[in-house]
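# A look at the structure
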Amino acid sequence: MEERKRKKIVKWFWLILSAPFVLLLLLLVLVGLFAKIPSFEELEHPDSKLATQVFAEDGEVLATFHIENRTYVPYEDLSENLVYAAVSTEDARFYKHSGIDMKGLGRVFFKTLLMRDSSQGGGSTITQQLAKTLYPRREVKSRIPGWSKVVMVFTKLKEWITAVKIERDYTKDEIMDMYLNSIFFGSSAYGVKAAAETFFAKAPANLTIEEAALLIGMVNKPTRYNPALHPDLALERRNFVIGRMKSNGYITQAQMDSIQQIPITLNYKVQDHNAGRAPYFRDMLRRDMSANKPVRSDYQYAEDFTSDSLRWREDPIYGWLEKNRKPDGSRWNLDKDGLKIYTTINYRMQQYAEEAVEEHLGKRLQKDFDTELRWKRNKPFSDDTDAELARQLMSQARRWSDRYRSQKKAGLSESEILAQFSKPVKMRVFSWNAKGYADTTMTPDDSIRYYKSILRCGFVAIEPGTGDIKAYVGGPNYRYFKYDNVRQGLRQVGSTIKPFLYTLAMSEGFSPCDRVVNLPQTFVLFDGSEWTPRSTDKEEWIGQTVTLKWGLAHSSNNISAFLMRQLGPESMVRQMHQMGISSHIDEVYSICVGAADVKIFEMIGAYNVFPSQGTYITPQYISRIEDGSGRVLTDVSVRKREALSANTAYLMVNLMKGVINEGTGNRLRSVYGLQGDIAGKTGTTNDNSDGWFIGYTPEITAGVWVGGEDRQVHFNSLALGSGSNMALPIWGIWMKKCLADPLTHLHEDAVFQEPATGAPDLDCESQGTFLGGNGNDSHSDIVGQDSEEEYYFN
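Residues numbered from 1 in each chain as written. Predicted model: local features only at pLDDT ≥ 70, side-chain atom pairs only at ≥ 80, totals over all residues. Heavy atoms only, no water.

## Looking at the overall build of the protein chain
Counted only if it meets this: Secondary structure is summarised from DSSP: a helix means a run of H or I of at least four residues, a strand means a run of E of at least two, and numbering begins at the N terminus for each. The contact definition used throughout considers only heavy atoms, calling two residues in contact when any of these lie within 4.5 Å. Values of accessible area rely on a 1.4 Å probe in the Shrake-Rupley scheme; residue burial ignores everything except the protein chains shown.
Along the backbone of the protein chain there are 30 helices and 25 strands. Summarising the internal contacts of the protein chain: among those between residues at least 6 apart in sequence, 70% fall at separations of at least 24. In the form shown here, the protein chain has an accessible surface area of approximately 37400 Å², with 51% of it arising from carbon and sulfur atoms.

## Concerning empty space enclosed by the protein
Stated formally: Think of a 1 Å grid over just the protein atoms. A cavity is a set of points where a 1.4 Å probe fits yet cannot get out, a pocket is an open set with protein on both sides within 12 Å along at least five of seven lines, and lining residues have an atom within 4 Å of a point. Grid points are joined across faces, edges and corners, and a volume is the space filled by probe spheres set on the points. Each residue receives one of three labels: charged for Asp, Glu, Lys and Arg, nonpolar for Ala, Val, Leu, Ile, Met, Phe, Trp, Tyr, Cys and Pro, and polar for the others, Gly being one of them.
Tallying each qualifying case throughout the model produces 1 cavity of 30 Å³ or more. Reported here for the largest cavity is a volume of approximately 90 Å³. Taken together, 14 residues line the largest cavity, and the ones lying closest to its centre are Asp677, Thr697, Leu739, His747 and Glu748. Considered class by class, the residues forming the lining of the largest cavity number 7 nonpolar, 4 polar and 3 charged.

## Re the sheet that holds strand β5 (residues 340-343)
Under the convention used in this document: Here a strand pair is declared whenever DSSP counts at least two bridges between the two strands. To get an axis, fit a line to the C-alpha atoms, keeping to the stretch in contact for a helix; angles then go from 0 to 180 degrees between the N-to-C directions.
Reading across the sheet, the 5 strands line up as β2-β1-β5-β17-β18 and stay open at both edges, with mixed pairing between neighbours. With partners counted over all chains shown, the strands left at the sheet margins are β2 (61-65) and β18 (632-635), one partner each. Put simply, the sheet's adjacent strands are angled 15° from each other on average, direction ignored. Alignment of strand β1 (residues 52-55) against β5, held across 3 bridges, turns out to be parallel. Residue pairing in the sheet places Val54 in a bridge with Ile341 of β5.

## A few points about the sheet that holds strand β20 (residues 679-684)
Pairing in this open sheet of 5 strands is antiparallel, and the strands run β9-β8-β22-β21-β20 from one edge to the other. Each edge of the sheet is formed by a strand with only one pairing partner; in this case those strands are β9 (469-473) and β20. Within the sheet, the average angular offset between the axes of one strand and its neighbour, ignoring direction, is 5°. Against the sheet, helix α24 (residues 600-607) touches β8 (456-462), β9, β20, β21 (690-696) and β22 (701-707), its axis set at about 30° to β21.

## Regarding helix α10 (residues 231-247)
Keep this limit in mind: By this rule, a helix spans an expected 1.5 Å times one less than how many residues it contains. For every residue, the accessible area (1.4 Å probe, protein chains only) is compared with the maximum for its type, and the residue is labelled buried under 20%, exposed over 50%, or partly exposed between those bounds.
Over its 17 residues, α10 runs 24 Å from end to end, which matches the ideal 24 Å to within 8%, given 1.5 Å per residue. For α10, every residue scored as buried is listed here: Ala234, Arg237, Arg238, Asn239, Val241, Ile242, Gly243 and Met245. As for α10, its buried residues are in contact with α3 (80-90), α9 (209-218) and α11 (253-259).

## Thoughts on the packing of α3 against α10
Under the convention used in this document: Note on angle classes: values under 35 degrees are labelled roughly parallel, values over 145 roughly antiparallel, values of 65 to 115 roughly perpendicular, and the remainder oblique.
Direction vectors running N to C along α3 and α10 enclose 90°, while the axes themselves pass 8 Å from each other. In terms of axis orientation, α3 runs roughly perpendicular to α10. On the side of α3, the interface is formed by Asn81, Tyr84, Ala85, Ser88, Thr89 and Glu90, while α10 contributes Arg237, Phe240, Val241, Arg244 and Met245. Each residue belonging to the contact of α3 with α10 can be placed in one class, and the counts come to 5 nonpolar, 3 polar and 3 charged.

## Notes on the side chain of Asn485
Here is the rule: In protein, a polar contact means a hydrogen-donor-capable atom and an acceptor-capable atom, both N or O and within 3.5 Å, with residues adjacent in sequence counting only if both atoms are side-chain atoms; elsewhere, any N or O pair within 3.5 Å suffices.
Relative to the assigned elements, Asn485 resides in the loop between β9 and β10 (490-492). Among the polar contacts listed, one links the side chain of Asn485 to the backbone oxygen of Cys457, at a separation of 3.3 Å. Among the polar contacts made by the side chain of Asn485, one reaches the main-chain carbonyl oxygen of Gly474 at a distance of 2.9 Å.

## With respect to the pattern of salt bridges
This is how it is decided: Any Lys or Arg side-chain nitrogen found within 4 Å of a carboxyl oxygen on Asp or Glu counts as a salt bridge.
Per the stated rule, a full pass over the model turns up 34 salt bridges. A salt bridge links Arg311 to Asp315, with the shortest nitrogen-to-oxygen separation between them at 3.4 Å. Across the pair, exposure class does not vary: Arg311 and Asp315 are buried alike. Notably, a salt bridge pairs Asp337 with Lys326, separated by 3.1 Å at the nearest N-O pair. In this pair, Asp337 is assigned in the loop between α14 (320-323) and β5 and Lys326 in the loop between α14 and β5, connecting sequence segments 11 residues apart. Taking the relative accessible area as the measure of exposure, Asp337 reaches 11% and is therefore buried. Among the residues examined, Lys326 registers a relative accessible area of 22% and is labelled partly exposed. Several salt bridges share partner residues, and in doing so they unite Asp288, Arg311, Glu314, Asp315, Arg487 and Arg639 into one network.

## So, the pairing of β8
Taken across its 7 residues, β8 has 7 buried, putting it largely inside the fold. By the alternation rule, side chains of β8 split into Arg456, Gly458, Val460 and Ile462 and Cys457, Phe459 and Ala461, which are all buried. The pairing of β8 with β22 spans 7 bridges and is antiparallel. Bridge pairing in β22 places Arg456 opposite Gly707. Examined bridge by bridge, β8 and β9 share 4 bridges and lie antiparallel to one another. For Ala461, the partnering residue across the bridge sits in β9 and is Ala471. In this structure, the hairpin formed by β8 and β9 is closed by a connection of 6 residues, where Gly465 is found at a positive phi of approximately 90°.

## Examining the environment of Gly362
If you trace the backbone, Gly362 turns up in helix α15 (residues 347-373). Of the residues examined, Gly362 reaches a relative accessible area of 5% and is grouped as buried. In sequence terms Gly362 and Ser431 are 69 residues apart; their C-alpha atoms lie 8.8 Å from each other. Residues contacting Gly362, with those up to four places away along its chain left out, are Val357, Lys367 and Trp432.

## Focus on the packing of aromatic side chains
We apply this condition: For this analysis, a ring pair means two rings from Phe, Tyr or Trp (six-membered ring only for Trp) whose centres lie within 6.5 Å, classed as stacked if their planes differ by under 30 degrees, edge-to-face if by over 60, and tilted for the remaining angles. Only lysine NZ and arginine CZ atoms are considered, and such an atom sits over a ring when it is within 6 Å of the ring centre and within 35 degrees of the ring normal.
Tallied over the entire structure, the rule returns 28 aromatic pairs. With centroids separated by 6.3 Å and ring planes inclined at 85°, the aromatic side chains of Trp312 and Tyr318 adopt a geometry described as edge-to-face. Owing to a relative accessible area of 8%, Tyr318 belongs among the buried residues under this scheme. Through a chain of ring-to-ring contacts, the aromatic side chains of Phe430, Trp432, Tyr450, Tyr451, Tyr480 and Phe481 assemble into a single cluster. Across the ring face of Phe65, the terminal group of Arg286 is positioned such that the distance to the ring centre comes to 4.6 Å.

## Focus on the side chain of Thr648
By the secondary structure assignment, Thr648 is in helix α25 (residues 646-662). Of the residues examined, Thr648 reaches a relative accessible area of 6% and is grouped as buried. Beyond its immediate stretch of four places on either side in the chain, Thr648 contacts Thr503, Met506 and Ser507.

## Here we look at the pairing of β20
For β20, the buried fraction is high: 5 of the 6 residues fall into the buried class. Bridge count between β20 and β21: 6 bridges; the pairing is antiparallel. Of the residues in β21, the one forming a bridge with Thr684 is Gly691. Where β20 folds back on β21, the antiparallel hairpin that results is connected by 5 residues, among which Asp687 adopts a positive phi of roughly 65°.

## A short note on unusual backbone geometry
Outside of glycine, negative phi angles account for most residues, and trans bonds account for most peptide bonds. Here Lys379 and Pro380 are connected by a cis peptide whose omega angle stands at 0°. Inspection of the secondary structure assignment puts Pro380 in the loop between α15 and α16 (387-400). One non-glycine residue, Gln613, lies in the positive phi region at around 60°. With respect to the helices and strands, Gln613 occurs in the loop between α24 and β16 (615-617). Its relative accessible area of 31% is what places Gln613 among the partly exposed residues. A positive phi is found at Asp687, a non-glycine position, where the angle reads about 65°. Among the residues examined, Asp687 registers a relative accessible area of 48% and is labelled partly exposed.

Next up, the structure:
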């Protein structure tokens, strides 16, 4: 009897003991047979998670488009310190198990759960953690008690099966590579490449032992152990990882003791859409690639619709996402599909452009404007701004603000919303300080006035001969000022329009050395009224005989008006369109002194005709686009057409060199010490609302605009508000930096190429303080006879 009882007890003991294992085995079989296990393509090519990379021309990454900032890096490009740290901390038996570490699970059960010893680590292997990325934890809602735990067990079993399958199909190095590319490190960094760039601004291959240990230490709790947020906890965790590396034989006791004493040193910069080089450029690239086919009803002017329609037909980048499809017919996604976009941006030129904006706009010009601002009665608007206009500008700004829109969406009344704009609140605002921001308390109305007082800018550099865009800055700071002044904004161009008029004159047979009498010109308009351009010349210059070269060098309105009298506004507008200006321009006489609104991008593209020997080259900024595997999807070629004769272009180069050598652009020589061949033109609009400078050398064309968000926000004096003071210094600082760096490939000894027919004699003789001419005098004879008459145009 006793024997039977004993056997029964033994039988039940083994049944109870083996039941969980049998059940586990059965569940594994069922899950393996019926559950949807992801394919390994999802491990190797997680297309829904790969960031699109944007490269500069030298191959350096400018930034990424992403939802998850993740970029794949191959195993051979990983530091061995990363591998050693990961194995030591996350899975010491990584090279001994086959996906599931039963010994490790036993250790967790007895030491961690029963003995409460958390130093032994978790039970999941690196392979299981990799498998876990395919099964994100989701909240389970069910009325059945305990159902969430059932789902968790089911998910865990799928992870185990996947882990075993991974081990069967991949080497340990491949598994480690996929694992390190899948981890979330916090601070928007997915994968070790993004993490290394975010925390140390370096490639994964270059990580030291202490840096690798710091990153691996964050895997468990990326926020808690983030060194930028919790440096003390991060240091403690890093040193724990270093200790584990010693325990597993990857470093010596002496190395551990030494490395643990090293303080944490970061080069921390979150890689979000506001960070990195050329943020305005990247935003423009996204807008262009995402563009829809133009529809006439969306445009005010036919010229703008025609221009965009032409771009849609001829520019492979404009509307790229609409025009191109994946092999399966679905649309490409910039944020998920891991594209590689190779741009024409020169990383150094871009860096120097951003530095030049900060040095001049942030460290000098804004301070000068703030000083003037103290004495204005209705800040930031000029004292002559009509009170009603100022009220309208403020009202418009309120309605465009995020605060207004969110409150409107929440259902608040107009009066309730507007009342909030006069209540002080804590806020963070942009500032030209080391941090880039300031924490303060002010009313939302005051914050609008504050932001309107910040001067804006735009800068573009284009290479003659290719049309490649080398640098692009759309504003003072992309994080706080998203509006792209280069491509989105239309600004009055002032005297930078005059070279187009002079170009027309050169095409019609004039010469830079032709002489004219410097007198005001009066036009009778269509309605019978009269208009005389305001002279900007010194009193002693009026009535003198001067050359056309002198007229452009000194930006004389009288000489421009004379040429307008000879040539007419219709011809001038045609000339501008021929040189690449696509914006609508009214055919009125006042365009001869700059009364036209044009995009900065178009102006600089048109000026690039001069050093390109009369050829208009469509500005381009992408050389090719590849998919994640390196297959070329789009290869961009140069698009060009003749806009001027080479001889006319050369005459204009000569004229515009005079602006730099002896005219309004001479500060490039006297202040910035720039030598060699430089040509260009300054520009200043009414009330000093816009300051321009566009200049070019034989190797680069670049232009700058500076002004307020509203035309009513401007300097009082011409000394501070002129293009030579607001815009030209940015060009000078940038060029000086570029010439000092051989990687920009710009040379001070480069010279403008003469036309094939030979260079004309352009050595105009000096006449007192003015430039006389020994060229063709036929046009000056006309001026001498008719200079004080009124002129009518049909």
